[in-house]
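Below, each chain spelled out in residue letters.
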Amino acid sequence: MSDETTTPNANFKRRIFSGIQPSGNLTLGNYLGALKRFVEKQNEGIETIYCLVDLHAVTVWQDPEKLRHAIREGAAGFIAAGVDPEKSILFNQSQVGAHAELGWLLNCVARMGWMNRMTQFKDKAGKNAEKASLGLYAYPALMAADILLYHATEVPVGEDQKQHVELTRDIAAKFNHDYKVDFFPQPTPVIEGAATRVMSLRDGTKKMSKSDPSDASRINLTDDADTIAKKIRKAVTDPEPLPETLDGLDGRAEARNLVNIYAALSGKTPAEVLGEYGGAGFGTFKPALADLAVSVMAPINTEMNRLMQDPAEIDRILGKGADKADAIARPILEKTYEIMGMVRSR
Ligand code: AMP
Ligand code: TRP
């Protein structure tokens, strides 16, 4: 057990930062793995900062018109899901220049060997790593900058981002060590709940993703009630009834995924869901899940559509959020430059 004096974050107040890429539709995976938990943290009264990471999005090609739309739609999705711009800071990354600036400085702290271990780069670059952008490779150092720029102590994310938050800790520790300071905190990845990894509705071994070519593989925040229900009814499953206990889900990735989704949407544990539906076939379970998903997701879709009627208002919210973010980030960036020995005379 660590006492107050040795806790690395003892000098830092609790602050939450997280980001989502505006690179297409937000999915049920984003909602359960990230957005829903952003709202819970916000409502616990902790300082919360949420960012649409457009600088990350352009590490792979983005059509400019579509990107602009995705940023506004992403903001509408956050707000519709319950992120309150009066309680949380909500903005898009490129409006706060300090992200790119600290990103550069941390590029010079992170080591090639560390970056080479990042599994998301390997997944995204695929076999053609020679053709990937330099930005895609440096992406995790920019993510570290996003977090450290606010001295954030906690980062709610899905399972797939754990490695990047751990890299952030390594970068912070190396900076503190190299410059003999206690300047950056050690942020903790917060990965909680039954849905830290929501899987595809077509293949229970693949993550539900906005970039999956099959639209039937995911539920989008832009899907209306009928589409949501249809996708769940058509989800790939095996022919067996649901088991009574969790170990009965071993080797049944699709069944496990639907049980986890039900649990996360209803606030129950997967074991409780099996307590209720164990022995039932998918003919019973899927319609129940479809009703539940529609009851949670359709109102979000309706609110998102309403907000998207007024893009100027969304832009205003993002601008105001960026001002608030900048007020925190700028002094921390200035201090970083100073620690590193750069002359700041204006
Ligand atoms: P991205 O859409 O990749 O920018 O991810 C934004 C956030 O949503 C991150 O915290 C991810 O870990 C989370 N996320 C994305 N897809 C899923 C998923 N299928 N299950 C759980 N969390 C997810
Ligand atoms: N890399 C994250 C993703 O793909 C998005 C992200 C960028 C992020 N910066 C962040 C998440 C900072 C948490 C904190 O999902």
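Quick note: structure is the one above.
Source: prediction; values computed, not measured.

### Some points on the site of ligand 2
Next, step 1: Neighbouring ligand 2 are 14 residues; Gln-21, Tyr-139, Met-143, Asp-146 and Gln-161 lie closest to it.
Next, step 2: Measuring from a nitrogen atom of ligand 2, one finds a side-chain N or O atom of Asp-146 at 2.7 Å.
Next, step 3: One of the side-chain N or O atoms of Gln-161 is found 2.9 Å from a nitrogen atom in ligand 2.
Next, step 4: Here ligand 2 has 370 Å² of accessible area as a free molecule, and 91% of this is covered by the chains.
Next, step 5: Among the elements of the structure, strand E1 (15–20) and helix H7 (134–148) are those that each provide at least two residues to the shell around ligand 2.
Next, step 6: Broken down by element, the residue count for the shell around ligand 2 peaks at four residues, all from H7.

### A closer look at the packing of aromatic side chains
Next, step 1: Across all of its chains, the model carries 12 aromatic pairs by this definition.
Next, step 2: A ring pair is formed by Phe-121 and Tyr-137, whose centres lie 5.2 Å apart and whose planes are at 80 degrees; its orientation type is edge-to-face. Residue Phe-121 is located in helix H6 (residues 119–125), and its partner Tyr-137 is located in helix H7; the two are separated by 16 residues in the primary sequence. For the pair Phe-121 and Tyr-137, one class covers both residues: buried.
Next, step 3: Ring pairs connect the aromatic residues Phe-175, Tyr-179, Phe-183 and Phe-184, which therefore count as one cluster.

### Considering the packing of helix H4 (residues 98–107) against helix H13 (residues 311–340)
Next, step 1: Running from N to C, H4 and H13 cross one another at 25 degrees; their axes reach a closest spacing of 10 Å. Here H13 runs roughly parallel to H4, going by the angle between their axes. Handedness of the H4/H13 crossing: left-handed. From H4, Ala-98, Glu-101, Leu-102 and Leu-105 reach across to H13, where they touch Ala-329, Arg-330, Leu-333, Thr-336, Tyr-337 and Met-340.

### What to know about the pattern of salt bridges
Next, step 1: In the structure shown here, the tally under the stated rule is 23 salt bridges.
Next, step 2: In this structure, Lys-207 and Asp-160 form a salt bridge, with 2.7 Å as the shortest nitrogen-oxygen distance. Taken together, the residues Lys-207 in the loop between strand E5 (188–190) and helix H9 (225–233) and Asp-160 in the loop between strand E4 (154–156) and helix H8 (162–178) connect sequence positions 47 residues apart.
Next, step 3: Overall, Lys-207 belongs to the partly exposed group, its relative accessible area being 35%.
Next, step 4: Among the residues examined, Asp-160 registers a relative accessible area of 29% and is labelled partly exposed.
Next, step 5: A cluster of three or more residues bridged by salt bridges with shared partners is formed by Asp-215, Arg-218, Asp-223 and Lys-231.

### Comments concerning the environment of Leu-26
Next, step 1: Of note, Leu-26 is situated in the loop between E1 and helix H1 (28–43).
Next, step 2: A C-alpha to C-alpha distance of 6.9 Å links Leu-26 and Gly-74, two positions 48 residues apart in sequence.
Next, step 3: When residues no more than four places from it in sequence are discounted, the contact partners of Leu-26 are Ile-20, Leu-35, Gly-74, Gly-77, Lys-210, Ile-219, Asn-220 and Leu-221.

### As for the pairing of strand E3 (residues 89–92)
Next, step 1: Along E3, one buried face is formed by Ile-89 and Phe-91 and the opposite face, lined by Leu-90 and Asn-92, is buried too.
Next, step 2: Pairing of strand E2 (residues 47–52) with E3 involves four bridges; the strand directions are parallel. Within E3, the residue paired with Ile-49 across the bridge is Ile-89.

### What about the site of ligand 1?
Next, step 1: Within the structure, ligand 1 sits among 17 residues, and Gly-158, Asp-160, Val-198, Met-208 and Lys-210 are positioned closest to it.
Next, step 2: Contact distances for ligand 1 include 3.3 Å between a nitrogen atom and a backbone N or O atom of Gly-29.
Next, step 3: Here an oxygen atom of ligand 1 sits 2.5 Å away from a polar atom, N or O, in the side chain of Asp-160.
Next, step 4: In the complex, 93% of the free accessible area of ligand 1, which totals 480 Å², lies under the protein chains.
Next, step 5: Sort the elements by how many residues they give to the shell around ligand 1 and H1 lands first, with four residues.
Next, step 6: Looking at the shell around ligand 1, its residues break down into six nonpolar, seven polar and four charged.

### Some points on the packing of H1 against helix H10 (residues 253–266)
Next, step 1: Here H1 crosses H10 at 45 degrees, and the two axes come no closer than 11 Å. Considering the angle they form, H1 stands oblique to H10. In the crossing of H1 with H10, the sense of the turn from one axis to the other is left-handed. Taken together, the residues of H10 that come into contact with H1 (itself represented by Leu-28, Leu-32 and Lys-36) are Ile-261, Ala-264 and Leu-265.
Next, step 2: For the contact of H1 with H10, the class distribution of residues is five nonpolar, no polar and one charged.

Conventions we followed
Residues numbered from 1 in each chain as written. Chains lettered and ligands numbered in written order. Predicted model: local features only at pLDDT ≥ 70, side-chain atom pairs only at ≥ 80, totals over all residues. Heavy atoms only, no water. Near = heavy atom within 4 Å. Polar contact = N/O pair within 3.5 Å; in protein donor to acceptor, adjacent residues only side chain to side chain. Areas by Shrake-Rupley, 256 points an atom, 1.4 Å probe, with all protein chains shown as cover. Helix = DSSP H or I, 4+ residues; strand = E, 2+ residues; numbered from the N terminus. Phe/Tyr/Trp six-rings, centres within 6.5 Å; stacked < 30°, edge-to-face > 60°. Buried < 20%, exposed > 50% of the residue type's maximum accessible area, 1.4 Å probe, protein only. Axes fitted to C-alpha atoms, helices over the stretch in contact; angles between N-to-C directions. Parallel < 35°, antiparallel > 145°, perpendicular 65-115°, else oblique. Left-handed = near helix turned anticlockwise from the far one by under 90°. Contact = heavy atoms within 4.5 Å. Salt bridge = Lys/Arg side-chain N within 4 Å of Asp/Glu carboxyl O. Pairing = 2+ DSSP bridges. Nonpolar A, V, L, I, M, F, W, Y, C, P; charged D, E, K, R; others polar.

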